[in-house]
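# Secondary and tertiary structure notes
Residue strings, one per chain:
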Amino acid sequence: MSDWLAPDVIASAPGRVNLIGEHIDFSQGFVLPFAIEDRTFARIRKREDREIRIRSAQRPDHLITTSLDHLNPRGDGDWERYVLGVIWALNIQSGVEIEIDGHVPLGAGLSSSAALECAVAFALNELFACGYSRKELALLAQKAENDYVGVPCGIMDQSVSLMAKSGSALLLDCRDLDTRLVPFDLAASGLQLLIIDTQVQHALVDGGYAQRRQSCESVVAKLEIASLRDLSLSALDSAQDQITAEEYKRAHHAVTEIARVLKAVDALTDKDFTTLGQLMSASHHSLRDDYEVSCPELNCAVETAISHGAIGARMVGGGFGGSAIALADQAKIAEIEDAIRVSFASTGFHAPRFFTSLPSDGARIEPLT
Ligand code: GLA
């Protein structure tokens with residue numbers, strides 16, 4: 001951390017990996033993410049005027065200066081819009097100096113933007129004694145991203161970044177943000193979750209995400225239901241002539257994925273990792289074929305992992321790039337990494353990066369150092 005300012009408060013919030021439950025948070029589905037160890041730190045000091053100064057510890061020479069009176073939803077800018085969006089969503093009425101120190105890999109589908117929003121939201125909530133609960137902060141951080149930055153994301157990433165607990169995956173009911181911790185200790189069973197960053201940059205602002213979401217909303221409107229959560233597979237099948245073929249595929253993904261999440265919770269609880277792995281792979285196929293948000297690099301990572309002994313593998317996050325995960329015996333991880341490296345090189349893809357992470361805690365206040 002730099003000595004740019006002596007902060008009044010420091011908060012941190014983690015990125016996430018979603019075990020299963022992709023592209024169903026905005027359909028009021030269930031999701032099962034966990035927080036990773038990589039975190040983003042927000043160091044904040046109160047000012048006596050209405051100025052806002054933001055900089056990143058990674059680019060200390062670049063100072064962004066604006067004021068509370070110039071907050072501009074959907075305006076221009078770069079990563080600082082996520083910070084300004086949170087100030088706007090929390091309706092902060094005092095100037096602040098903010099230094100961001102981000103350690104969640106960017107564009108890797110590990111939710112660096114939610115980590116940024118949630119670190120800032122958590123710090124501001126503490127500094128100005130706003131009194132928001134973690135659930136309320138998740139909704140405010142999502143509002144910042146939806147209405148200030150202009151990205152129509154769901155509620156999963158902010159929720160897990162704020163509400164996760166170490167040692168567990170977080171079963172989140174996206175209808176009411178109720179949560180249940182599901183113990184997630186792979187090491188005790190000799191297993192590991194490999195995170196494979198394809199290094200294909202994904203950006204939710206690019207439009208593919210919004211189009212998918214619109215298709216789901218169109219099905220909800222045409223079938224006059226409250227959400228895809230309320231749709232059974234048989235009801236979807238009998239309604240096929242009321243929706244387009246593309247809408248059918250998108251809704252088919254959502255309905256089957258919600259069912260897979262609930263089965264995955266049972267499998268995890270029973271330590272039935274074979275079933276968990278099968279559900280993960282089925283989720284990938286659904287995202288690839290029905291939802292069409294995978295890409296050649298993600299498919300290559302998943303297929304290579306499976307053919308080298310992974311129990312299950314899938315793309316995670318918004319898709320179109322970013323990361324995949326593979327569940328495997330600890331003893332097989334090195335072989336899987338090597339095989340993916342070789343497949344990527346022989347296909348002419350960028351070299352992938354590999355991570356692993358234990359399930360970690362959500363946002364917290366850090367000691368002032
Ligand atoms: C992104 C969004 C989330 C969620 C996932 C897909 O990470 O921010 O709200 O929709 O994609 O599951």
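- According to the UniProt record, the Sequence similarities (unreviewed entry) comment for the chain reads "Belongs to the GHMP kinase family. GalK subfamily."

### Points about the site of the ligand
- Around the ligand, the surrounding shell holds 13 residues, and the nearest of these are Glu 22, His 23, Asp 25, Asp 157 and Tyr 209.
- Between the ligand and the protein, one listed contact pairs an oxygen atom with a side-chain N or O atom of Tyr 209 at 2.6 Å.
- A distance of 3.5 Å is found between an oxygen atom of the ligand and a backbone nitrogen or oxygen belonging to Gly 318.
- The protein chains hide 97% of the 310 Å² of surface that the ligand would expose on its own.
- When atoms are counted within 2 Å of each cavity's grid points, the one that captures over half of the ligand is the largest pocket.
- For the shell around the ligand, a count of residues per class yields five nonpolar, four polar and four charged.

### Observations regarding the UniProt feature "domain: GHMP kinase N-terminal" (unreviewed entry) in the chain
- Sequence positions flagged by UniProt for "domain: GHMP kinase N-terminal" (unreviewed entry) are, in local numbering, residues 82–164.
- Each end of residues 82–164 is marked by a C-alpha atom, and these two atoms are 21 Å apart; helix forms 58% of the span and strand 8%.

### What to know about the environment of Asn 125
- If you trace the backbone, Asn 125 turns up in helix α2 (residues 112–127).
- Given the relative accessible area of 11%, Asn 125 is considered buried.
- Between the alpha carbons of Asn 125 and Ile 243 there is a distance of 44 Å; along the sequence they are 118 residues apart.
- Among residues more than four places away in sequence, those in contact with Asn 125 are Leu 90, Cys 130, Gly 131, Tyr 132 and Leu 137.
- Among the polar contacts listed, one links the side chain of Asn 125 to the backbone nitrogen of Gly 131, at a separation of 3.3 Å.

The rules behind these values
- Residues numbered from 1 in each chain as written.
- Predicted model: local features only at pLDDT ≥ 70, side-chain atom pairs only at ≥ 80, totals over all residues.
- Heavy atoms only, no water.
- UniProt positions renumbered as here; feature names shortened; annotations may be inferred.
- Near = heavy atom within 4 Å.
- Polar contact = N/O pair within 3.5 Å; in protein donor to acceptor, adjacent residues only side chain to side chain.
- Areas by Shrake-Rupley, 256 points an atom, 1.4 Å probe, with all protein chains shown as cover.
- 1 Å grid on protein atoms, 1.4 Å probe; cavity = no way out; pocket = protein on both sides within 12 Å on 5 of 7 lines; lining within 4 Å.
- Sits in = over half its atoms within 2 Å of the grid points.
- Nonpolar A, V, L, I, M, F, W, Y, C, P; charged D, E, K, R; others polar.
- Helix = DSSP H or I, 4+ residues; strand = E, 2+ residues; numbered from the N terminus.
- Buried < 20%, exposed > 50% of the residue type's maximum accessible area, 1.4 Å probe, protein only.
- Contact = heavy atoms within 4.5 Å.

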